[in-house]
Amino acid sequence: MSAHESPFVLRVVDVAMQGPLEVQHALDAVADAAFGGIDVFIGRVRAHNHGRVVTGLHYDMFDPLAIAVFARAASKARTEFGPALRCYVAHAKGHLVVGDTAVIVAVATPHRDEAFRACRAVIEVVKHEAPIWKQEHYIDGSSAWTEGCSLCGSEPGAVAAP
Amino acid sequence: MSTVRVQVFGALRDCVASGELRVDMPALSTVHALREAIENGPAAAWSSSAQALLRASVFASESSLLHPSAVLPEGGVIALLPPVSGG
């Protein structure tokens, strides 16, 4: 890894404008001759959720803060698992159908253990802290925003989502 | 007074067709004061489930969440974020 090159590649991908997420982009982004281990997490749109048949999804995002959260997740992984680490995070935005790729996290490190653990740590932050919302479309034509995790918790009187 | 523009996301879009609330606030108002102004203003007409969603939501700038006691940043985007469900 050259000194001037960022160890992180972080993307919000509008699938209508930029096309689908590509696993190869993640592998290329974290490739490094010094790193022998790459772990990749791929999140895909599944056909069922809570017993309902899902036909597609819409992802809404607050892009600048999402990128900031991805950056903090990657930096935290580097602090925890060592400076020899490269990280790629990309999340799709817009309309996806069953089987489409929604999110990719890839981490490269010198050995496998750090890659596995850092990849897990980063995807958990993306799932719980990134400003991303999922609207599911069902086979009966209805749709619903899925319940999620409240951010921060510093707000007095905060309640769970209805 | 100045007009604060608040972008909404996720299920809050169903309450705010334009995707943006506009609230007149005195200079140096806090995030908490903005919340109260929304609760007593545009959100007063919302359904009880939408009001509960608002209470579960937090405010943010483009770079971080905003604590209730923080003074509203000038000029930048303010976002109102309901519970998240990415990935």
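Computed from a predicted structure; not experimentally measured.

Asker: Can you help me understand the overall build of chain B in this one?
Answerer: If you tally the helices and strands in chain B, you get 2 helices and 4 strands. Against the globule reference of 12 Å for 87 residues, chain B gives a C-alpha radius of gyration of 12 Å, in line with a compact fold. C-alpha extents for chain B along the principal axes are approximately 30 × 30 × 20 Å. The buried share of chain B, reckoned over its 87 residues, is 37%.

Asker: How should I be thinking about the overall build of chain A in this particular structure?
Answerer: Within chain A, the secondary structure is distributed over 4 helices and 8 strands. In sequence order, chain A lays out its α and β elements as β-α-α-β-β-β-α-β-β-α-β-β. The C-alpha atoms of chain A give a radius of gyration of 17 Å, which matches the 15 Å a tight globule of 162 residues would have. With respect to the principal axes defined by its C-alpha atoms, chain A has extents near 50 × 40 × 25 Å. Counting the 162 residues in chain A, one finds 35% classified as buried. Pairs at least 24 residues apart make up 74% of the contacts formed inside chain A by residues separated by at least 6 positions.

Asker: So what exactly am I meant to see when it comes to helix α1 (residues 31-40) of chain B here?
Answerer: Residues and elements named next belong to chain B. Inspection of α1 places Val31, Leu34, Arg35 and Ile38 among the buried residues, and these make up the whole buried set. For α1, the angular spread of buried residues about the axis comes to 100°, placing them on one side. Turned more than 90 degrees away from the buried face of α1, the exposed residues are Glu36 and Asn40. Buried residues along α1 sit in contact with β1 (2-8), β2 (20-25), α2 (48-55) and β3 (58-60).

Asker: Would you take a moment to explain the interface of chain A and chain B for this structure?
Answerer: Where interface size is given, it is often the accessible area lost as the parts come together that is meant. Each side of the interface is counted separately: chain A has 33 residues, and chain B has 24 residues. Residue assignment for the side of chain A that touches chain B shows that the elements contributing at least two residues are α3 (63-81), β6 (101-109), α4 (112-129) and β7 (132-138) of chain A. Looking at the side of chain A that touches chain B residue by residue, the class counts come to 21 nonpolar, 7 polar and 5 charged.

Asker: Hey, could you run me through α4 of chain A in this one?
Answerer: Since one α-helical turn is 3.6 residues long, residues separated by three or four positions face the same way. Residue and element names in this part refer to chain A. With 18 residues, α4 extends 26 Å from end C-alpha to end C-alpha; this agrees with the ideal 26 Å at 1.5 Å per step. Residues of α4 that are buried: Glu114, Ala115, Ala118, Cys119, Val122, Ile123, Val126 and Glu129. Take α4 and look down its axis: the buried residues cluster within an arc of 165°, on one side only. The secondary structure elements touched by the buried residues of α4 are β2 (37-44), α3, β5 (86-97) and β6.

Asker: Can you help me understand the sheet that holds β2 of chain B in this one?
Answerer: The strands making up a sheet associate through backbone hydrogen bonding, with each pair oriented either parallel or antiparallel. Residue and element names in this part refer to chain B. Across the sheet, which stays open at both edges, the 4 strands sit in the order β2-β1-β4-β3 with mixed pairing between neighbours. The two strands at the open ends of the sheet, each matched to only one other strand, are β2 and β3. On average, adjacent strands in this sheet sit at an angle of 30° to one another, irrespective of strand direction. Here β3 runs beside strand β4 (residues 78-81); their pairing, made up of 3 bridges, is antiparallel. If you follow Val58 over to β4, its bridge partner there is Leu81. Strand contacts of α1: β1, β2 and β3, with the helix running at about 110° to β2, the strand carrying the most contacts.

Asker: Just to check I follow, could you spell out the confidence of the model for chain A for this structure?
Answerer: One rule of thumb: low pLDDT means the predicted coordinates there are not for detailed reading. Within chain A, residue pLDDT values average 91, and 91% of them lie at 70 or more. The model gives residues 153-162 of chain A a pLDDT under 50, and that stretch makes 22 contacts with residues more than four places away or in other chains.

Asker: Is there a simple way to think about unusual backbone geometry in this case?
Answerer: With the exception of glycine, most residues fall at negative phi, and the peptide bonds are largely trans. Located in the positive-phi region is His50 of chain A, a residue other than glycine, with phi close to 50°. Mapped onto the secondary structure, His50 of chain A falls in the loop between β3 (48-49) and β4 (52-61). In this model, Leu28 of chain B sits at a positive phi of 65°, which is unusual for a non-glycine residue. With respect to the element layout, Leu28 of chain B can be found in the loop between β2 and α1. Given 9 C-beta atoms within 10 Å, Leu28 of chain B falls into the exposed group.

Parameters at a glance
Along each chain, residue indices are assigned from 1 in the same order as the chain's sequence is written. Both sets of labels track the order of writing: A upward for chains, 1 upward for ligands. With pLDDT at 70 or above as the cut-off, local features in this predicted model cover only qualifying residues; side-chain atom pairs require 80 or more to be listed or tallied, and sums for whole chains, interfaces and linings still use all residues. A run of DSSP states H or I qualifies as a helix once it reaches four residues; a run of E qualifies as a strand once it reaches two. Both are numbered from the N-terminal end. Radius of gyration means the value over C-alpha atoms here, while the globule rule gives 2.2 Å times the residue count to the 0.38 power. The exposure label follows from counting other C-beta atoms within 10 Å of a residue's C-beta, where the C-beta atoms are placed from the backbone and the thresholds are 20 or more for buried and 12 or fewer for exposed, leaving partly exposed in between. Residues are defined as contacting one another if the C-beta atoms placed from their backbone atoms lie within 7 Å. What the arc describes is the spread of directions from the helix axis to the C-beta atoms. Residues are grouped as follows: Ala, Val, Leu, Ile, Met, Phe, Trp, Tyr, Cys and Pro are nonpolar; Asp, Glu, Lys and Arg are charged; all remaining types, including Gly, are polar. Multiplying 1.5 Å by the residue count of a helix minus one yields the expected span of that helix. When DSSP locates at least two bridges between a pair of strands, those strands are taken to pair. For helices, the fitted line uses only the C-alpha atoms of the stretch in contact; every axis is such a line through C-alpha atoms, and the angle between N-to-C directions lies from 0 to 180 degrees. Residue-level confidence of the predictor, termed pLDDT, takes values from 0 up to 100.

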